[in-house]
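Below, each chain spelled out in residue letters.
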Amino acid sequence: MTGHPQTVTVRRGDDAAAELDCDLCVVGSGAAGLSAALEAQALGERVILADAAPQLGGQAISAALGTLCGLYSNGPDPQRLVHGVMDGMLRALVEAGEAAPRRARNTVILDYSVNAWQRWAEREVAARGITPLLGAVLRAVVRDGSGRRVEALDFATRFGDRRVRARAVVDASGDAVVPWLADQELRTANQPILGTVMALFEGVDTAACADWPRATYHEAMKRRGAEFGLVRFDGFIFPVGDGKVNLNLTHVETPLDPVGLSLAAIEGRRQVDALLALFRDEFPKAYGRARVAHYGQAGIRQTRMILGTRRLTVEAVRSGALPDDRVLRCSWPIELHTTMDTTHWEMFADDHLHHLPFGAMTPAGLDNLVVAGRCVDAEPAALASVRVMGPCFAMGRAAAEALHQTGAGSVHQLDLGALQKRLADNLERTTRDPWLGGVTGESGPEAYGAG
Ligand SMILES: Cc1cc2nc3c(=O)[nH]c(=O)nc-3n(C[C@H](O)[C@H](O)[C@H](O)COP(=O)(O)OP(=O)(O)OC[C@H]3O[C@@H](n4cnc5c(N)ncnc54)[C@H](O)[C@@H]3O)c2cc1C
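Rules and cut-offs
- Residues numbered from 1 in each chain as written.
- Predicted model: local features only at pLDDT ≥ 70, side-chain atom pairs only at ≥ 80, totals over all residues.
- Pairing = 2+ DSSP bridges.
- Helix = DSSP H or I, 4+ residues; strand = E, 2+ residues; numbered from the N terminus.
- pLDDT = per-residue confidence, 0-100.
- Contact = placed C-beta atoms within 7 Å.
- Near = placed C-beta within 6 Å.
- Nonpolar A, V, L, I, M, F, W, Y, C, P; charged D, E, K, R; others polar.
- Domains from an automatic or database assignment.
- Core = buried A, V, L, I, M, F, W, Y, C linked by C-beta atoms within 7 Å.
- Buried ≥ 20, exposed ≤ 12 C-beta atoms within 10 Å, placed from the backbone.
- Expected span 1.5 Å × (residues − 1).
- Axes fitted to C-alpha atoms, helices over the stretch in contact; angles between N-to-C directions.
- Parallel < 35°, antiparallel > 145°, perpendicular 65-115°, else oblique.
- Left-handed = near helix turned anticlockwise from the far one by under 90°.

Caption draft 1: How the structure looks around the pairing of strand β9 (residues 160-171). As judged from the nine bridges shared by strand β1 (residues 18-27) and β9, these two strands associate in the parallel manner. The residue of β9 that forms the bridge with Leu24 is Ala168. In this structure, strand β8 (residues 150-157) lies alongside β9, joined through six bridges in antiparallel fashion. Residue pairing across strands places Leu153 opposite Val164, the latter belonging to β9. In this antiparallel pair of consecutive strands, β8 and β9, the connection spans two residues. Pairing between β9 and strand β20 (residues 369-371): three bridges, direction parallel. Each bridged residue has a counterpart across the sheet, and for Val170 the counterpart in β20 is Val370.

Right under this line is the structure:
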């Protein structure tokens, strides 16, 4: 072998961004963005799905959440409230044994395998001809002369810049990055909303701790946490089979600052190590041989939100108000992470439902943009009841339907009645999933559940 021929190359002076073209560009591929992209493709749109991360899935994958909340109503006979293309993923994962229901927080949540979610998303995106643009950080937004329409989005990638031209845009970045770069006014909380570094332990004798209520852990964390360097003394722990348990037991600040967020991830992993040391010492039979199988990235609950034409208020959540422009329902509690040591929960009754107004997804100053997911307009405690992944799926569907219906017009002049007809599944229909037949375990406010 004499080696392969090579070409000598040198960077050219013209660094103009290569262009890509689509009908709809979705920024962010988490629960909201993935749903929006798949729904839009199903409606016949040519879709580009862009994400700063090198893989699809958003926090469902990168933060290793492992639990899908907000899909079902409350009470002893939970009904599914969220429908759409993501139904296919629920069915596929449950049938493959990669997702399983669990009673929690007076409803049902689904434990899921992070790898199975990611692979399902990748297969669907490839099979449906959606263009993935990964490792692509949105850094500029180009608007038309009126300033009200986004014309193009500029992304930085390791292989050079890409300009994406699109008729319409869904911002599912969690941070409202599109309106931010389009100089719109945004909201941030005056008090930080804390994030969490999730972890998966393996090598746990789960038989030895299968019946422990969360109080067993919380009592030990309160009694000895300071000694081991913990800052949070409550949270959630789910046995997920094969000697593994999923933990949501840390708290970190997640600032909109790259150095701060990098340090938060390191601090969160320190807290995970401290938990392992405490559990090994306190519960040697169950945790004596446990190890950390996986640390998540720093999971972000809330950063920037849009100023929509409507805002979801805590009062509307509590009262179950019915806004005339509602696009989804939800029963998840208010789950507020504002103090380091604990989490505030406000549970709702069996028949409770609250609704998200479409106006909370539309920044007033832009005509061809809808936001979905963590950056909709809501009071912080109200967002804490709709930011789990079930409602994020429904927001993605609402965004795709709305922008499809809008065409070249304005989302602010949409026929809302027609939109709600298209979203009737997520406003009226309820489904009793076959896989809930055998669901057992704890119920009521004391059962575990995380978001
Ligand atoms: C620790 C933690 C635990 C949670 N537990 C649960 C749970 O158990 N069950 C549940 O249902 N929900 C849970 N939640 C809530 C839920 O995970 C999130 O609110 C939900 O994932 C939000 O989805 P999203 O699609 O809005 O955004 P994300 O999943 O955050 O996705 C946003 C995507 O946008 C991309 N992005 C951001 N900025 C840019 C940019 N400039 N350019 C390109 N791409 C960009 C990001 O890389 C990311 O992939 C939890 C949240 C946290 C933080």
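Caption draft 2: Representation of the confidence of the model for the protein chain within the structure. Mean pLDDT for the protein chain: 94, with 96% of residues reaching 70 or above. Note that residues 443-451 has pLDDT below 50 and, in this model, 25 contacts with residues that lie over four places away or in other chains.

Caption draft 3: Geometry of the site of the ligand. Around the ligand, 43 residues are found, and the nearest of them are Gly28, Gly30, Gly58, Gly299 and Gly373. Those elements that place two or more of their residues in the shell around the ligand are α1 (31-42), β2 (47-51), α2 (59-62), β3 (67-68), β7 (137-143), β11 (196-202) and α12 (389-406). In terms of residue count, α1 provides more of the shell around the ligand than any other element does, three residues in total. Its residues assigned to classes, the shell around the ligand comprises 22 nonpolar, 16 polar and five charged. No fewer than three residues from each of domain 1 (18-75 + 84-189 + 302-336 + 351-436) and domain 2 (196-299) sit in the shell around the ligand.

Caption draft 4: Seen up close, the nonpolar core. Membership of the largest hydrophobic core comes to 131 residues, with the highest contact counts inside it found for Cys25, Val26, Ala50, Ala372, Met395 and Ala399. Per-element accounting of this core gives the leading share, ten residues, to α12. Ignoring any residue separated from it by four or fewer positions in sequence, one finds Met395 in contact with Ala32, Leu328, Leu356, Met361, Ala372, Gly373 and Val376.

Caption draft 5: Summary view of the domain arrangement of the protein chain. Looking at the protein chain, the domain boundaries give domain 1 (18-75 + 84-189 + 302-336 + 351-436) and domain 2 (196-299). Between domain 1 and domain 2, the C-alpha centre-to-centre distance is 29 Å.

Caption draft 6: How the structure looks around helix α8 (residues 258-282). The terminal C-alpha atoms of α8 lie 36 Å apart, and with 25 residues this matches the ideal 36 Å at 1.5 Å per residue to within 8%. Taken together, the buried positions of α8 are Ala264, Gly268, Gln271, Val272, Leu275, Leu278 and Phe279. If you follow the buried residues of α8, they end up packed against β11, α7 (214-228), β13 (244-248), α9 (284-287) and β14 (291-299).

Caption draft 7: Seen up close, the sheet that holds strand β4 (residues 99-104). Sheet architecture is open: three strands sit in the order β3-β5-β4, paired in antiparallel fashion. Edge positions in the open sheet fall to β3 and β4, since each of these has one partner strand only. Bridge count for β4 against strand β5 (residues 107-112) is six bridges, and the pairing is antiparallel. Bridged to Ala100 within β5 is Asp111.

Caption draft 8: Representation of α1 within the structure. Between the first and last C-alpha of α1 there are 17 Å, a value that for twelve residues agrees with the 16 Å anticipated at 1.5 Å per step. Across the twelve residues of α1, eleven count as buried, placing the element largely inside the fold. Among the residues of α1, those classed as buried are Ala31, Ala32, Gly33, Leu34, Ser35, Ala36, Ala37, Leu38, Glu39, Ala40 and Gln41. Tucked into the core, α1 has its buried residues touching β1, β2, α2, α4 (114-127), β9 and α12. Of the residues one or two after α1, Gly44 is the one with positive phi, at around 100°.

Caption draft 9: Structural view of the packing of α7 against α8. Where α7 contacts α8, the axes come no closer than 10 Å and their chain directions differ by 120°. Judged by the inter-axis angle, α7 sits oblique to α8. Where α7 crosses over α8, the two elements pack in a sense that is right-handed. Residues Ala220, Met221, Arg224, Gly225 and Phe228 of α7 touch α8, and the partners they reach there are Ala274, Ala277, Leu278 and Glu282. Tallied by class, the residues present in the contact of α7 with α8 amount to six nonpolar, one polar and two charged.

Caption draft 10: How the structure looks around the pairing of β8. When β7 meets β8, the two strands line up antiparallel, connected through six bridges. Note on β8: the bridge partner recorded for Val141 is Leu153. Taken together, β7 and the strand that follows it, β8, pair antiparallel across an intervening segment of six residues, in which Gly147 is found at a positive phi of about 80°.

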